[in-house]
Amino acid sequence: MSDTTTSSSSCLSCVEACERCIEECLVKDAAAHAACIRACRDCIDACLLAARLDARNSPFAAEARKLCKLACEACAKECAKIGCYSCATACQECASACG
């Protein structure tokens, strides 16, 4: 598997984990988990952008992966604070793949 395929696959797995995390936060207490929800939303957007640009071999794909790495690291940190370790793990794996 190429590095691009690996990062895109990791990005899409991360998107799924973040979506599940957001749903869990909304069920628990949206106001108390607002920072986590915001981090997950940013992470989702960055991951989707990176995967899309990688898929079309965009000259901006490398920059998108850098943004994705930063968003994933921030999200992993927020998710770990509230105990959403499945999301934190997926974000850490994506950050490593994009880094």
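Use the structure listed above.
Residues numbered from 1 in each chain as written. Predicted model: local features only at pLDDT ≥ 70, side-chain atom pairs only at ≥ 80, totals over all residues. Heavy atoms only, no water.

Visitor: So what's going on with the packing of helix H2 (residues 34-55) against helix H3 (residues 61-82)? Which residues, and what values?
Guide: Look at H2 against H3: their axes get within 8 Å of each other, and the N-to-C directions meet at 155°. Relative to H3, the element H2 lies roughly antiparallel. In the packing of H2 onto H3, the handedness of the crossing is left-handed. Facing Ala35, Cys36, Ala39, Cys40, Asp42, Cys43, Ala46, Cys47, Leu49, Ala50, Leu53 and Asp54 of H2, the residues of H3 in contact are Ala61, Ala64, Arg65, Leu67, Cys68, Ala71, Cys72, Cys75, Glu78, Cys79 and Ile82. (Axes fitted to C-alpha atoms, helices over the stretch in contact; angles between N-to-C directions. Helix = DSSP H or I, 4+ residues; strand = E, 2+ residues; numbered from the N terminus. Parallel < 35°, antiparallel > 145°, perpendicular 65-115°, else oblique. Left-handed = near helix turned anticlockwise from the far one by under 90°. Contact = heavy atoms within 4.5 Å.)

Visitor: With reference to specific residues and values, describe the pattern of salt bridges.
Guide: Tallying each qualifying case throughout the model produces 4 salt bridges. Residues lysine 66 and glutamate 63 are paired through a salt bridge, measuring 3.2 Å at the closest nitrogen-oxygen approach. Taken together, the residues lysine 66 and glutamate 63, both in helix H3 and 3 residues apart, mark about one turn of the helix. Note that lysine 69 is salt-bridged to glutamate 73, the shortest N-O span being 2.6 Å. Separated by 4 residues within a single helix, lysine 69 and glutamate 73 lie in helix H3, roughly one turn from each other. (Salt bridge = Lys/Arg side-chain N within 4 Å of Asp/Glu carboxyl O.)

Visitor: Describe the side chain of histidine 33, and please don't skip the residues or the numbers.
Guide: By secondary structure assignment, the location of histidine 33 is in the loop between helix H1 (3-29) and H2. With residues near it in sequence (within four places) discarded, histidine 33 still touches Cys25, Lys28 and Ile82.

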